[in-house]
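Structural overview for review
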There are 2 protein chains.
Amino acid sequence: MVSLQGRIDSLSDGLLENEEEKIVTEGHVLASHDLCDSCDSTSSAYRRRAASIEWPPRKQPRTVETVEVGCLNVISGKYESLDYDVPDSDLLLDEERNSGLKYETKKNISRWIVFMFIGVFTAGIGILLDVGIDQLSEIKYGTLKSYVDRCVEDNCLYIPYLMWVAFNVAFVLVSSLLVTYVEPIAAGSGIPQVKCYLNGVKIPRVVRIKTLLVKVVGVICSVVGGLAVGKEGPMIHSGSVVAAGISQGKSTTLGKDFKILDFFREDHEKRDFVSGGAAAGVAAAFGAPVGGVLFSLEEGTSFWNQSLTWRVFLCAMICTFTLNGILSLYHGFTGQQWYAGLLSFGKFPEVSYFWYELPIYMMMGLIGGLLGSLFNYINYHLTVFRMRYINKRLWMKVVEALLVAATTATVGFSMIYFLNDCRPLGQDPTKFPTQVFCGDGEYNALGALWFQTPETSVRSLFHDPAGSHKVSSLSLFFILYYLLSVWTYGLSVSAGIFIPSLLTGAAWGRLTGMGLMWLFPDMDWVDLRKYALVGAAAQLGGVVRMTISLTVILIEATGNIAFGLPLMLTLICAKWMGDFFNEGIYDIHIMLSGVPLLPWEPPPLSHDVYASEIMSHPVVVLRAVERVARIVQILSAETHNGFPVVDVGYEHQDEGIACGKLRGLILRHQLIVLLQNKIFNEFSDLWNPKTNDITLKMFRDEYPRYKHIQDISLSPGEMRCTIDLRPFMNSSPYVVIHSMTLPRVFRIFRALGLRHLPVVDDTNQVVGMVTRKDLVRYRVNHHNGKMTREELKISEKI
Amino acid sequence: MVSLQGRIDSLSDGLLENEEEKIVTEGHVLASHDLCDSCDSTSSAYRRRAASIEWPPRKQPRTVETVEVGCLNVISGKYESLDYDVPDSDLLLDEERNSGLKYETKKNISRWIVFMFIGVFTAGIGILLDVGIDQLSEIKYGTLKSYVDRCVEDNCLYIPYLMWVAFNVAFVLVSSLLVTYVEPIAAGSGIPQVKCYLNGVKIPRVVRIKTLLVKVVGVICSVVGGLAVGKEGPMIHSGSVVAAGISQGKSTTLGKDFKILDFFREDHEKRDFVSGGAAAGVAAAFGAPVGGVLFSLEEGTSFWNQSLTWRVFLCAMICTFTLNGILSLYHGFTGQQWYAGLLSFGKFPEVSYFWYELPIYMMMGLIGGLLGSLFNYINYHLTVFRMRYINKRLWMKVVEALLVAATTATVGFSMIYFLNDCRPLGQDPTKFPTQVFCGDGEYNALGALWFQTPETSVRSLFHDPAGSHKVSSLSLFFILYYLLSVWTYGLSVSAGIFIPSLLTGAAWGRLTGMGLMWLFPDMDWVDLRKYALVGAAAQLGGVVRMTISLTVILIEATGNIAFGLPLMLTLICAKWMGDFFNEGIYDIHIMLSGVPLLPWEPPPLSHDVYASEIMSHPVVVLRAVERVARIVQILSAETHNGFPVVDVGYEHQDEGIACGKLRGLILRHQLIVLLQNKIFNEFSDLWNPKTNDITLKMFRDEYPRYKHIQDISLSPGEMRCTIDLRPFMNSSPYVVIHSMTLPRVFRIFRALGLRHLPVVDDTNQVVGMVTRKDLVRYRVNHHNGKMTREELKISEKI
């Protein structure tokens, strides 16, 4: 034992003085697989199937390759997972023993209160967005309308056109500058990022207050800037940030620690709150609390937790309630008329259907799926183009956004200018009816669509009485808006995809309804409202491919439960058709950014893949009582975040190579905190469980941004100390045996929300480690009924 | 090796000839813990915390004790778990390799189709119940009314009274006889049974067609028999049976095997279908498809499965659609008026609320919680009384049911006779207005409540215009009906608790509204409808303690999304208040029947309990190639259902005692099928993977009722054969190490839906087994802030 220890010591001491490349190579000397190769594992050839298991050729833990950007088959190496599994250390046991039931009760009550606050504050953000957009766009379109009205007669229409362009460019410039230079993670709708976070991937800066500020200001400017975007996605992202902010009782952006709620400073608790925030965001965006709960279940949950769901539901309900209450005051609704007046998509009270309409809806679903997958296809190639040529220079991103803003204004103005779709003013469904070249007492129907925010246009297309639009102008509007929204999504601005999809969908849905009216002029079941709604659902479903949550969101947003089945059938058809061609837009963007998103199910037909084939190995292991020098060396040289703790086999000594039985698992950040606080054995008076000097609080205080190993300075004397990792490590990690099949490994990993899953052989010695990336990199492709299994590359570059 | 084998052989041979007690004692000789005691496990004292782990005193696998019936702290030993975890055997791998993607696709499409059929058939059952009850009660109350009308003048009111009693007794007699003598599992609402099934407990006969028939006829008779019961719970149970029946393609009751869908003949698949059936049942009962999905999630899910949820939703939607379509035809609604006319609780279109009403609702929630827990308290003691004194003789159960039926008629008649609550006929909210002693042009308001099914009465109390009832008569009705429904629940008839709870709740809710009207006569926000609704929600929430699903069910059943928050706050308060005193009525009945229901969370503060303390040990293990004689002996002597398969350590031979490393897990039913088909090594020409003689089909054909070991006859020659268990066993079972803490053991067990969880030491040798009962038997009680951990007894008697 002594000689072994000595050998390891000299090794690690030597390593610290070497150049970096050497360190990496040498770092593997102590890795467990090396250690164990020579040990007896005769019994691994025991089982019938095991006979076919060969240790795969040794691979580096990360395959660092130069891969072209914009490839769907690369996983980025830079994303880490959340620690959803609470490490089961002696410290936790101590805390539990000392604090007892009262502490649990306090934590529980705090949870409820925090969820209520999340609901209220998310509603606040929602109100800010709603009122901000409302006020600014009133100014914008009011001014434009007055100029148009004046200039039609004075023949100076170029003035309102240039003003329109100027308005758009100015607002979009603000949004784009903020997003490009201040906080790039605030770009887009934020739903992909929230989805990844809920899936368990740590997306840097995604739930910071700075992100929230950029998002809120950015989305107001994008919408007012006339882009084909909506505020719904950003609202969901905002809810998540609010949740993370409130639950932690401190903010990195503001540099303030309120010293409250420190017991929630764990990935595990934080993620639960974020799922509540996302639900509240949906509730605020669509007035859909149940839809919100289902959204956060659909996007995030692996393990159904009844009490969490119930709290999330309360949070979403309170958010809806607050939002409705205050917006009702703002809009001047009184008393009991509240809710109904604020339905996002207007009231659909008497809309019902006959059973023979169902095939029409299903057909529309299929069309939506086609249009949606085409949308995704174009946007995918556009995004790849952007990644290759535009994203390299930040200013080009801003210029592209401004170009889109100017184009949008130009398209809108041209349509109003060239198409004379005049309607009598009596029906007046718009706030700013522009006459343009129409006769007196008439207004331009296209002007009505363009002279308001896209969200209001959706409502107009849903509810405008029959005969409000010409087929030709609506068709042109559909095509141009479709193209504009494809171009817009992915710009460097804060912007959601829900509303533009709904708007294009409502346009072609309404066209379908008009066609049916023309075919069956005497039938009273042809109701333009419901066809516009079904079209909108089909288009949105074809683009985003959400299932149950989208159905319920649409049911709640229209306030019509009876119309659930048609919406559902439409969405099923849209999803099936779309999935035939490609994935949903969010998933495409997630894949492009290389985030290792864990799917719902293991790849099909993978029962012949074993843990030993997918695991990363060799693994860098630590001994239970480890030298500080070696810890520092390993943390500097390796990028791993979890290290199995082993005993160095006392019996199997063979020329200094020892087998390590798995004793626990310790995380990088725990090691960092230990080093930082100098919890060394040689200073053992520090460690006195009775005085509770060392508690979980020490770790929570540093959460979530731990120091880097380079920032910790240790004297040479301290480097010679040792640390007893046993009280801090997770002493009963979940493990799997090397011969377990991939589907079972996947299931345990997914269901328990793991980050590190050590793989052991049948003598309980660590032979590998399965992480999220190892599971994600197996993908199955189907082509012409044949199936090929594909292994994705992992790159540090994207 | 040879000597060891020989020793074991002689042991097992000898055992077969001994008397039974001997067998049990000797049976443990080969149990792994005995085997391993002498092996080196020096390293188990390694970890700091491990120092405190002592092997607990050896206990029998099942503590068989004579326990008094009606005790909440006993777990019945007779319930087994479902095999939700698919055994990962070589056969599965073969099947996957041979059948490929096409087979998967076929399975998948079949799944969708089966779910659609479940929706349609459950709707069929719903229609049968609805129409049956409607028609029969029309006859009953029509006849009674005509006699009452005639007899008020002729002074022969004893005739309608006796007729009423006779009607009730006759119908209830049918229901009670069926339930008592034909299928006792059909008693009550069926929700506890479905809940247990979805939780993973095998409740015998719960999803058989015979049960369905008894349930349907029984509930029609109970409702028409005038009992204080509803058809909603039974409908949910019926949906589950329908699902199980359709998905299996065969029926034991009918003795027919349609030879289709045999790939769904696994506990795993069947449970998924049953969860869809339960959701469809809710959808049929309340017109609440989303509520149905949430119900089956809340009651059954541990792992959120997106595609399953989506299918369940479709199933529930189709069920609602079919039910509404056909019932609309029956009730004469046409076209687009469909859905709205069929809302279970009538339309609440304009009901909204002011924020300052919320405290009133919360107060009502608290009252509901109090009344509900009182209900549960009385019913609990009544049930214990029944278990002790009535259930012993079957005829007494029937007599009690008849007694309740007669009492109900008497109470109703007395109220009509003695209380003259006369109202003008103009408002006529009832189908059979009885005049009794009222003046001409008036009707008896109490007669109106009693002369219809409870479900219709709920609707009346919700929607009757203000002034339809006197305070005194409504109060008396509330008290009497409350007592009647307490007495009725638990009778040996098919009957649900939803409607009587809603009815009592609606009564006191309406009273509250009337009180508020009297307090604030000029306020227009006091709307009796909403107070009746809130009262009903509070009472029901207080009794059943469901959370999110109940909220959504009520939202959908009233068709009013805006009223979600008040309902939710009411239900939260009712649940909190009720939980302070006791558990929900379903949980009380489940506990009384001793079913080991797995809770959502591990017991709090249990990080100091280790797997080694809760596991059952010693474990009976099998060797990979095992002698038939020993298998037969073990299956006869033991009640276990899963056996770890070990290799008998080739190296550690020490006087015939060998250590077994875990190699797999095999289930009792697999062994039975192997024995039955004589898959013995000595007949090894049978086993030829290429010809696929032995496939999973062999096991599926026997599902779900396998032979008993006594029914398999083997010749002495066959007894000397051996079986190679390796191709059949689950070769990578999930395992935990003996030092894992209870919360972690619980989480892996719950999240993965396990049935057997082998516990190994750190050399991978089996030392124990954790099953559902081991996890359930730890319960934590809170009293005055102190916490005591309690270990429940396991009894074979109840």
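Since the structure is predicted, the reported quantities are computational estimates derived from the model, not experimental observations. (Residues numbered from 1 in each chain as written. Chains lettered and ligands numbered in written order. Predicted model: local features only at pLDDT ≥ 70, side-chain atom pairs only at ≥ 80, totals over all residues.)

**Details of the environment of B:Ser593**
Residues and elements named next belong to chain B. Of note, Ser593 is situated in the loop between α22 (585-592) and α23 (611-614). Exposure remark for Ser593: the 18 C-beta atoms within 10 Å place this residue in the partly exposed category. Taking the C-alpha atoms as reference points, Ser593 and Val619, 26 residues apart in sequence, are found 27 Å from one another. (Helix = DSSP H or I, 4+ residues; strand = E, 2+ residues; numbered from the N terminus. Buried ≥ 20, exposed ≤ 12 C-beta atoms within 10 Å, placed from the backbone.)

**Observations concerning the sheet that holds strand β15 (residues 766-771) of chain A**
The strands that make up a sheet are held in pairs by hydrogen bonds between backbone atoms, and each pair lies either parallel or antiparallel. Residue and element names in this part refer to chain A. The sheet built from three strands is open, its strands ordered β13-β14-β15 with mixed pairing. Because the sheet does not close on itself, it has two edges, and the strands there are β13 (736-737) and β15. Pairing of β13 with strand β14 (residues 756-760) involves two bridges; the strand directions are parallel. Paired with Val736 across the bridge in β14 is Val759. (Pairing = 2+ DSSP bridges.)

**Description of unusual backbone geometry**
Residues and elements named next belong to chain A. Backbone geometry places Asn155, a non-glycine residue, at a positive phi of 60 degrees. Checked against the element boundaries, Asn155 lands in the loop between α4 (90-154) and α5 (158-182). Judged by local crowding, Asn155 falls into the exposed class, with 7 C-beta atoms found within 10 Å.

**What about the pairing of strand β15 (residues 766-771) of chain B?**
All names here are of chain B. By the criterion of burial, β15 is predominantly enclosed, with six of the six residues buried. In terms of strand pairing, strand β14 (residues 756-760) meets β15 through five bridges, oriented antiparallel. By the bridge assignment, Leu757 is partnered in β15 with Val770. Following β14, the chain reverses through five residues before pairing antiparallel with β15; Asn764 in that reversal takes a positive phi of roughly 70 degrees.

**Focus: the environment of B:Leu329**
Topologically, B:Leu329 is positioned in helix α11 (residues 306-331). Residue B:Leu329 is classed as exposed on the basis of its C-beta count, with 11 C-beta atoms lying within 10 Å.

**Quick word on the packing of helix α10 (residues 289-300) of chain A against helix α11 (residues 306-331) of chain A**
Residue and element names in this part refer to chain A. Packing of α10 against α11 leaves a shortest axis separation of 8 Å and a crossing angle of 140 degrees. Accordingly, the angle class assigned to the pair α10 and α11 is oblique. α11 is crossed by α10, and the crossing has right-handed handedness. Taken together, the residues of α11 that come into contact with α10 (itself represented by Pro289, Gly292, Val293 and Ser296) are Thr309, Val312, Phe313, Ala316, Met317 and Thr320. For the contact of α10 with α11, a count of residues per class yields six nonpolar, four polar and no charged. (Axes fitted to C-alpha atoms, helices over the stretch in contact; angles between N-to-C directions. Parallel < 35°, antiparallel > 145°, perpendicular 65-115°, else oblique. Left-handed = near helix turned anticlockwise from the far one by under 90°. Contact = placed C-beta atoms within 7 Å. Nonpolar A, V, L, I, M, F, W, Y, C, P; charged D, E, K, R; others polar.)

**What about the pairing of β14(B)?**
Across a regular strand the side chains alternate sides, sitting on one face of the sheet and then on the other. Residues and elements named next belong to chain B. Of all five residues that make up β14, five are buried, and the element is covered over most of its length. Here β14 shows no split at all, with His756, Pro758 and Val760 on one side and Leu757 and Val759 on the other all buried. As for the winding sense of the linkage, the β-α-β connection from strand β13 (residues 736-737) through helix α28 (residues 742-751) to β14 is right-handed. (Right-handed = clockwise from strand over helix to strand, strands pointing away.)

**Some points on the sheet that holds β14(B)**
One open sheet holds the three strands; their spatial order is β13-β14-β15 (chain B), and the pairing between them is mixed. At either margin of the open sheet sits one strand with a lone partner, and together these are β13 and β15 of chain B.

**Some details on helix α19 (residues 528-544) of chain B**
Its 17 residues place the ends of α19(B) 24 Å apart at the C-alpha level, agreeing with the 24 Å of an ideal helix rising 1.5 Å per residue. Extensive coverage of α19(B) is indicated by the burial of 17 of its 17 residues. (Expected span 1.5 Å × (residues − 1).)

**What about the packing of helix α13 (residues 358-390) of chain B against helix α21 (residues 564-581) of chain B?**
All names here are of chain B. Running from amino to carboxyl end, α13 crosses α21 at an angle of 35 degrees, the nearest separation of the two axes being 7 Å. In terms of crossing hand, the pair formed by α13 and α21 is right-handed. Residues Leu358, Tyr361, Met362, Met364, Gly365, Leu366, Gly368, Gly369, Leu370, Gly372 and Ser373 of α13 form the contact with α21, whose participating residues are Pro566, Leu569, Thr570, Leu571, Ile572, Cys573, Ala574, Lys575, Trp576, Met577, Gly578 and Phe581. For the contact of α13 with α21, the per-class residue count stands at 15 nonpolar, seven polar and one charged.

**Looking at the confidence of the model for chain A**
All names here are of chain A. In this model, chain A carries a mean pLDDT of 81, and residues with pLDDT of at least 70 account for 84%. Considering only residues more than four positions removed or in separate chains, one finds that residues 649-658, a stretch of pLDDT under 50, has 19 contacts. The ipTM for the predicted assembly is 0.86, set against a pTM of 0.87. (pLDDT = per-residue confidence, 0-100.)

**Section: the environment of B:Pro500**
Residues and elements named next belong to chain B. Assignment of secondary structure puts Pro500 in helix α18 (residues 498-519). Pro500 sits in the buried class, given 29 other C-beta atoms within 10 Å. In sequence terms Pro500 and Arg311 are 189 residues apart; their C-alpha atoms lie 32 Å from each other. Once you skip the residues sitting within four places of it in the chain, Pro500 turns out to touch Ala228, Val229, Gly230, Pro454, Tyr481, Ser485 and Thr488.

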